[in-house]
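For reference, the chains in residue letters:
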Amino acid sequence: MNNSIVITAIGPDKTGFVHTLTQSITDNSGNIIESRMIMLGSEFAVIMLVEGNWHAISKIEQDLKKLGHSNDIQLTTRKSIRAERIEKLLPYEIDLVCLDHPGIIHKISGFLSKKSISIGEVKSKQFHAPHTGAIMFQGLIQIYIPSGQSIANLREEFAQYCDDENIDGLLEPVKH
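Everything in this summary refers to the structure shown in the same document. Numbers given to residues run from 1 along each chain, matching the order in which its sequence is written. Side-chain atom pairs in this predicted model are given and counted only at pLDDT of 80 or more, local residue features only at pLDDT of at least 70, and totals for whole chains, interfaces and linings cover all residues. Neither water nor hydrogens contribute to the side-chain values; these are computed over all heavy atoms in the structure.

### Comments concerning unusual backbone geometry
Even without being a glycine, S29 presents a positive backbone phi close to 65°. For N166, which is not a glycine, the phi torsion comes out positive at approximately 60°.

Structure (structure tokens):
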């Protein structure tokens, strides 16, 4: 049976960052199951789920400690298990656009939490409106809705939430 760890890494954005990190995983017989990588400001951030036998995982964790110290990379690992998708959850996406202001993600996560809706992934960014130059917020949130929930009621409540918060928002099923 394979063991799993989640690795997070943050370091200065420089050529070779991903290669250096993945070399340790590959050299120690680990397998990257899932990953997200992004440049944020002047930093590059990575989060990944890695599998391997217990010996491989142990060697990867040891190598990453050395790698972090010698390359100005902040690395953490955490033991995990590969989550199997629960069939009773319905995958949906929320697309949001509004004037940027503090608390947007906090408020939408509260709305979802009160409805027992799990968040799978959040992507957000700022951009300038084409004609006015106003700073705008754009968010894309992958969610999982319990199958017993009324989608029609949720859509109504979500539309009211968006009206109250002055957000243009869409709630749609995930299209694979």
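Moving on, there is more to tell.
### Concerning the pairing of strand 7 (residues 135-146)
Alignment of strand 5 (residues 89-99) against strand 7, held across 11 bridges, turns out to be antiparallel. When the bridges of strand 7 are listed, Y92 appears paired with I143. As paired elements, strand 6 (residues 118-128) and strand 7 share 10 bridges and run antiparallel to each other. Residue pairing for strand 7: E121 is matched across the bridge by Q142. When DSSP locates at least two bridges between a pair of strands, those strands are taken to pair. In this description a helix means any DSSP run of H or I spanning at least four residues, a strand means any run of E spanning at least two, and both kinds are numbered starting from the N terminus. If you look at the hairpin formed by strand 6 and strand 7, you'll find six residues sitting between the two strands, and G133 has a positive phi there, around 80°.

### Section: the nonpolar core
Each nonpolar core is a collection of buried residues, namely Ala, Val, Leu, Ile, Met, Phe, Trp, Tyr and Cys, held together in the definition by side-chain atoms within 4.5 Å. Think of it in three bands: residues with accessible area under 20% of the maximum for their type are buried, residues over 50% are exposed, and the middle band is partly exposed, with areas taken using a 1.4 Å probe on protein chains only. Within the largest apolar cluster, 20 residues are counted, with the highest numbers of intra-cluster contacts made by I94, L96, I108, I143 and F158. The dominant element in this core, judged by the number of residues it contributes, is helix 4 (residues 151-165), at five residues. Residues contacting I108, with those up to four places away along its chain left out, are L96, I141, F158 and Y161. Within the second largest apolar cluster, 16 residues are counted, among which are I7, L21, V46 and I57. Throughout, a residue-residue contact means that at least one pair of heavy atoms, one from each residue, lies within 4.5 Å.

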